[in-house]
Amino acid sequence: MIAKVTEAINYIRGVYNEKPVVGIVLGSGLGSFTQEITIDKEIPYGDIPHFPVSTVEGHSGKLIFGELGGKKIVAMAGRFHYYEGYSAEQITFPIRVLKTLGIETLLVSNAAGGVNPEFQVGDLMIITDHISQLAPNPLIGKNHMEWGPRFPDMSEPYKKYLIEKMKVIASEKNIKVREGVYVVVTGPTFETRAEYKMILALGGDVVGMSTVPEVITAVHMGLPVFAMSVVTDVGIREEENVITHEEVLQAAKEAEPKFKELICELISQI
Ligand code: HPA
């Protein structure tokens, strides 16, 4: 694994040699955030040794290096999920690479289903904590002490100082943000009604198929994380309507301007 990360880093440094300080993982339907970046270099995942290639509509599949809010950043346009058949190691490989490239903060975004009855489609939610027990843990297997400890502490996976900063930014901009717990599942099925109820009973506010493996990996490496969900559908409801991937992408697109505004400001303040 370490040798693979080194090969990926050597390739990237061969084509782009500046150190990004912030990394951002863009979730489903949030890819147009990249328009905010003054781009220095784009590298398709397929060009980077050992990088997986994303297979899902709405996830484009490249690293974008550039500047935003006066900072050098790197964005992952496209990410990897368990339901694509990738192993936990493959899903989290890019996070190992970004940390080794030198990022000092990781921002993660996703589209998620609301289970908190107060949540509505289009809401933004700061993730304050997660429940990872319904999906494989990405640290199962041999531990590399160079990266982090065998039993990482998880008392503050989402840094309080970043959460506080974002709350101030949101209130200054008059943008409503929720706070809550993200429950990760493997997908690819959306949840049954009974499963949405179970997730609420477990203590979840939203449910999604990503983010947590990346966050656990970042925490393992001592990388501070901030994460935000866009609520793209509501799981617990009376009507008979079904949830579709198209609806999820559309809702994420509609919430994107608010999301962009908040995240750009956060990056400039980090
Ligand atoms: N469930 C799981 N993942 C999701 C959902 C959902 O309702 N919406 C967007 N991603």
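Everything that follows concerns the structure shown earlier in this document.
Here's what I pulled together on the structure shown here. Treat the numbers as computed from the prediction; the structure is a model and nothing was measured. Counting starts from 1 at the beginning of each chain's written sequence and moves along it residue by residue. Totals for whole chains, interfaces and linings use every residue, but because this is a predicted model, local features are given only for residues with pLDDT of at least 70 and side-chain atom pairs only at 80 or more, for both listing and counting. With hydrogens and water stripped out, all remaining heavy atoms of the structure feed into the side-chain values.

Quick notes on the nonpolar core
For clarity, the threshold we go by: Within this scheme, the nonpolar core is defined by two criteria: the residues are buried Ala, Val, Leu, Ile, Met, Phe, Trp, Tyr or Cys, and they are joined through side-chain atoms within 4.5 Å. Only protein chains enter the area calculation, which uses a 1.4 Å probe; residues under 20% of their type maximum are buried, those over 50% are exposed, and those in between are partly exposed. Numbering of helices and strands starts at the N terminus; helices are DSSP runs of H or I of at least 4 residues and strands are runs of E of at least 2.
If you look at the biggest cluster of nonpolar residues, it comprises 79 residues, and the most contacted ones within it are F33, L63, V97, L106, M166, F226 and I263. The element contributing the most residues to this core is helix α6 (residues 245–269), with eight residues. Core analysis: the second largest hydrophobic core is formed by 10 residues, A111, V183, Y196 and I243 among them.

Concerning the site of the ligand
Using the following cut-off: Put simply, a residue is near a molecule or strand once any heavy atom of it comes within 4 Å of that molecule or strand. Any pair of N or O atoms that falls within 3.5 Å is considered a polar contact. Within protein, one atom must be able to donate a hydrogen and the other to accept it, and sequence-neighbouring residues count only if both atoms are side-chain atoms. Using a 1.4 Å probe, accessible areas were evaluated by the Shrake-Rupley method; residue-level cover was limited to the displayed protein chains. Cavities and pockets are defined on a 1 Å grid built over the protein atoms alone: a cavity is a set of grid points where a 1.4 Å probe fits but cannot escape, while a pocket is an open set with protein on both sides within 12 Å along at least five of seven lines, and lining residues are those with an atom within 4 Å of any such point. A molecule is said to be in a cavity or pocket once over half of its atoms fall within 2 Å of that pocket's grid points.
Taken together, the neighbourhood of the ligand is formed by A111, A112, G113, F190, E191, Y196, V207, G208, M209, T232, D233 and V248. Residue E191 places a side-chain N or O atom 2.5 Å away from a nitrogen atom belonging to the ligand. Measuring from a nitrogen atom of the ligand, one finds a side-chain N or O atom of D233 at 2.6 Å. Compared with its free state, where it exposes 260 Å², the ligand has 96% of that area covered by protein. Under a 2 Å grid-point criterion requiring more than half of the atoms, the pocket assigned to the ligand is the largest pocket.

Considering the layout of surface pockets
Note the cut-off: Grid points are joined across faces, edges and corners, and a volume is the space filled by probe spheres set on the points. Lys, Arg, Asp and Glu make up the charged group, whereas Ala, Val, Leu, Ile, Met, Phe, Trp, Tyr, Cys and Pro make up the nonpolar group; the residues left over, Gly among them, are polar.
For the largest pocket, the calculated volume is near 320 Å³. Along the wall of the largest pocket there are 23 residues; nearest its centre are S28, A111, F190, M209 and V248. Those elements giving two or more residues to the lining of the largest pocket turn out to be β5 (105–114), β8 (206–208), β9 (225–234) and α6. When its residues are assigned to classes, the lining of the largest pocket shows 11 nonpolar, nine polar and three charged. By volume, the second largest pocket is sized at about 210 Å³.

A look at α6
Residues spaced three or four apart along an α-helix face the same direction, because each turn holds 3.6 residues. For clarity, the threshold we go by: Expected span of a helix: the number of residues minus one, times 1.5 Å. Two axes enter the definition of the bend at a residue: one is fitted to the seven residues ending there, the other to the seven starting there, and the bend is the angle between them.
Compared with an ideal rise of 1.5 Å per residue, which puts 25 residues at 36 Å, α6 spans 34 Å between its outermost C-alpha atoms and is within 8% of the ideal. Residue E256 marks the point of greatest curvature in α6, where the axis turns by about 50 degrees; the proline P257 follows within four residues.

Section: the side chain of D123
For clarity, the cut-off: Between two residues, a contact is recorded if the distance between any of their heavy atoms is within 4.5 Å.
Mapped onto the fold, D123 is located in the loop between β5 and β6 (124–131). At 2.9 Å, the side chain of D123 forms a polar contact with the backbone nitrogen of Q120. A polar atom in the side chain of D123 sits 2.8 Å from the side chain of R178. For D123, the residues in contact, after removing those within four places along its chain, are E118, K176, R178, S229, V230 and V231.

With respect to the packing of aromatic side chains
Put simply, the test is: Between the rings of Phe, Tyr and Trp (Trp by its six-membered ring), a pair exists once the centres lie within 6.5 Å; its type follows the angle of the planes, with under 30 degrees stacked, over 60 edge-to-face, and the other angles tilted.
Per the stated rule, a full pass over the model turns up six aromatic pairs. Plain terms: the ring middles of F33 and F259 are 6.0 Å apart, the flat faces sit at 65 degrees to each other, and that makes the pair edge-to-face. You can see F33 sitting in the loop between β1 (22–26) and β2 (38–44) and its partner F259 sitting in helix α6, a full 226 residues away along the chain. Assigned by exposure class, F33 and F259 land together as buried. With a centroid separation of 5.5 Å and an interplanar angle of 85 degrees, the aromatic rings of F80 and Y86 are classed as edge-to-face.

Here we look at unusual backbone geometry
Geometrically, the link from G187 to P188 is a cis peptide bond, its omega value of 5 degrees lying close to zero. Tracing the chain through its elements places P188 in the loop between β7 (177–184) and α4 (193–202). Despite not being glycine, N174 has its phi angle at roughly 60 degrees, a positive value. With respect to the helices, strands and loops of the structure, N174 is situated in the loop between α3 (160–172) and β7. N174 gets classed as exposed once you look at its relative accessible area, which sits at 71%. A positive phi angle is found at T211, which is not glycine, with a value near 70 degrees. For T211, the position within the fold is in the loop between β8 and α5 (212–220). Judged by relative accessible area, which is 0%, T211 ranks as buried.

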